[in-house]
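This is what each chain is made of:
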2 protein chains.
Amino acid sequence: MDAIQTIMSRRSVRQFTDQPITPEQLQVILDAATSGPSCVYAQDWDFIVVRDRAMLNRMADGNGRPAEPLRSCNVGILICGNLERAFPPAQDYWIIDGAIAGQNLVLAAAAQGIGSVWLGTYPQMERVENQRALFGLPEHIVPHSLIALGYPAEEEPRAKKPLPDCIHYEHW
Amino acid sequence: MDAIQTIMSRRSVRQFTDQPITPEQLQVILDAATSGPSCVYAQDWDFIVVRDRAMLNRMADGNGRPAEPLRSCNVGILICGNLERAFPPAQDYWIIDGAIAGQNLVLAAAAQGIGSVWLGTYPQMERVENQRALFGLPEHIVPHSLIALGYPAEEEPRAKKPLPDCIHYEHW
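From a predicted model like this one, the values you see are computed outputs, not experimental measurements.

(A) Structural view of the relation of the copies chain A and chain B. Note on the copies: chain A fits chain B at an RMSD of 0.0 Å, the axial shift is 0.0 Å, and the rotation between them is 180°. Overall, the copies show the geometry of a two-fold rotation axis. Across chain A, the rotation axis passes nearest the C-alpha of Ala3 of chain A, at a separation of 1.8 Å. Most of the interface of chain A is mirrored in chain B, where 100% of its interface residues again form contacts.

Next up, the structure:
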């Protein structure tokens, strides 16, 4: 699928069918996630890929009401920052690097006809600690975001909001 | 250009030719930036698009040595967070939303044959304050990242680093 069309047409999907994502499709999605840039090429992320239904439900339990899509998704991915690999003078670039990886991930899904939704974890620290406890993560691994993936069951995309006045030329 | 190919093949470009980006290409790039998801659809970003050479040089002056590509780029874009639109219970989602917008932006450039490089600003607060002062930004507008755009003058892409052991299945 064309790149511009993929970027422009992607919408969040919150309800999924039972159709599985194939291992080959998943590999493309993971390759995309790890092919993005990171601060000083630190590759300061980790990904936990989950298909187990009970675990997906526990991930949803720990991530607030917006995380309900995990209960019908085919694959859930927890993106984490890895502070041992993060740029030492400014470790918080891990937040940006995780988001770049996540957007590559959802676009590579969309390009294959697979729906997705971002489920925010960081900076909501209760969610961060819930995911950390669930997976027994060491201190240097920080839960960033959950992504639910699967074939869309929703019939229509949501309405588009008008764009705020957010493009400025040459000066503020 | 194919979406997966665009994602996988994009590399940072740090030296640019004089060939201009057309207004139509730039519009596609900006449309991509603003079409990404944001926390609770807050659209909590602003973009300052700069072609003025003197201003691009001043942006480079304020953003450390890695920002040198601004001196040869055709268009520089300062991505900012807008805290007045950010999700009130967890405003720091602006950091993730700005990064999602930035990755859409550089991919839409790459899909059109246009090179780009991310030049980190936030969370390096000296750079943040330098860009804020340069553009006279109000307090609720936070510089996030600079993106330099233009046609690539570099002859070869940089070597790829091996991937760390960062993909985990079902558990940490």
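(B) Inspection of the interface of chain A and chain B at higher detail. On the chain B side, the residues contacting the 70 residues of chain A number 70 residues. In total, about 5,600 Å² of surface goes out of reach between chain A and chain B, with carbon and sulfur atoms giving 65% of it. Run the count over chain A and chain B and you get zero salt bridges. One can count 30 residue pairs in polar contact (both at pLDDT 80 or more) joining chain A with chain B. When residues of the side of chain A that touches chain B are traced back to their parent elements, those giving at least two are helix 1 (3-9), helix 2 (23-33), strand 1 (45-50), helix 4 (93-110), strand 3 (115-120), helix 5 (125-135), strand 4 (141-150) and strand 5 (167-169) of chain A. If one sorts the elements of the side of chain A that touches chain B by residue count, helix 4 of chain A sits on top with nine residues. Among the residues making up the side of chain A that touches chain B, the classes are represented as 41 nonpolar, 16 polar and 13 charged. The pairing of strand 1 of chain A with strand 5 (residues 167-169) of chain B spans three bridges and is parallel. If you follow Ile48 of chain A over to strand 5 of chain B, its bridge partner there is His168 of chain B.

(C) Local environment of the packing of helix 2 (residues 23-33) of chain B against helix 4 (residues 93-110) of chain B. Residue and element names in this part refer to chain B. One way to put it is that helix 2 packs onto helix 4 with a least axis distance of 7 Å and a crossing angle of 150°. By the angle between their directions, the pair helix 2 and helix 4 is classed as roughly antiparallel. Handedness of the crossing formed by helix 2 with helix 4: right-handed. Of helix 4, the residues touching helix 2 (which contributes Val28, Ile29, Ala32 and Ala33) are Ala101, Asn104, Leu105, Ala108 and Ala109. Broken down by class, the residue content of the contact of helix 2 with helix 4 amounts to eight nonpolar, one polar and no charged.

(D) Structural view of the sheet that holds strand 2 (residues 75-82) of chain A. One open sheet accounts for five strands, arranged 3(A)-4(A)-2(A)-1(A)-5(B); its pairing is mixed. A single partner strand is all that each edge strand has here, and the edge strands are strand 3 of chain A together with strand 5 of chain B. Going from strand to strand, the sheet's axes swing by 25° on average, the running direction of each strand aside. In terms of strand pairing, strand 2 of chain A meets strand 4 of chain A through eight bridges, oriented antiparallel.

(E) Structural detail: the pattern of salt bridges. All names here are of chain B. One pass over the full model with this rule turns up eight salt bridges over all chains. We note a salt bridge from Asp46 to Arg85, for which the minimum N-O separation is 3.1 Å. Here the residue Asp46 occupies a position in strand 1 (residues 45-50), and Arg85 occupies one in the loop between strand 2 (75-82) and helix 4, the gap between them amounting to 39 residues. One salt bridge in this structure joins Arg71 and Asp61, with 2.8 Å as the shortest N-O distance. On the criterion of sequence distance, the pair formed by Arg71 in the loop between helix 3 (53-61) and strand 2 and Asp61 in helix 3 is long-range, its members being 10 residues apart. Look at Asp61 and you get exposed, because its relative accessible area is 53%.

(F) Structural detail: the pairing of strand 2 of chain A. Taken across its eight residues, strand 2 of chain A has eight buried, putting it largely inside the fold. Of the two faces of strand 2 of chain A, the one carrying Val75, Ile77, Ile79 and Gly81 of chain A and the one carrying Gly76, Leu78, Cys80 and Asn82 of chain A are both buried.

(G) Molecular detail of helix 5 of chain A. Inspection of helix 5 of chain A places Arg127, Val128, Gln131, Arg132, Leu134 and Phe135 of chain A among the buried residues, and these make up the whole buried set. Along helix 5 of chain A, the residues classed as buried sweep out an arc of 165° about the axis, all on the same side. Exposed side of helix 5 of chain A, more than 90 degrees from the buried face: Glu126 and Ala133 of chain A are the residues found there. Those residues of helix 5 of chain A hidden inside the fold are in contact with strand 1, helix 3 (53-61), strand 2, strand 3 and strand 4 of chain A together with helix 4 of chain B. Positioned one or two residues after helix 5 of chain A, Gly136 of chain A has a phi angle of 60°, which is positive.

Each value, and the rule that gives it
Residues numbered from 1 in each chain as written. Chains lettered and ligands numbered in written order. Predicted model: local features only at pLDDT ≥ 70, side-chain atom pairs only at ≥ 80, totals over all residues. Heavy atoms only, no water. Least-squares fit on C-alpha atoms with pLDDT ≥ 70 in both. Contact = heavy atoms within 4.5 Å. Buried area = accessible area lost by both parts, 1.4 Å probe. Salt bridge = Lys/Arg side-chain N within 4 Å of Asp/Glu carboxyl O. Polar contact = N/O pair within 3.5 Å; in protein donor to acceptor, adjacent residues only side chain to side chain. Helix = DSSP H or I, 4+ residues; strand = E, 2+ residues; numbered from the N terminus. Nonpolar A, V, L, I, M, F, W, Y, C, P; charged D, E, K, R; others polar. Pairing = 2+ DSSP bridges. Axes fitted to C-alpha atoms, helices over the stretch in contact; angles between N-to-C directions. Parallel < 35°, antiparallel > 145°, perpendicular 65-115°, else oblique. Left-handed = near helix turned anticlockwise from the far one by under 90°. Buried < 20%, exposed > 50% of the residue type's maximum accessible area, 1.4 Å probe, protein only. Arc of directions from axis to C-beta.

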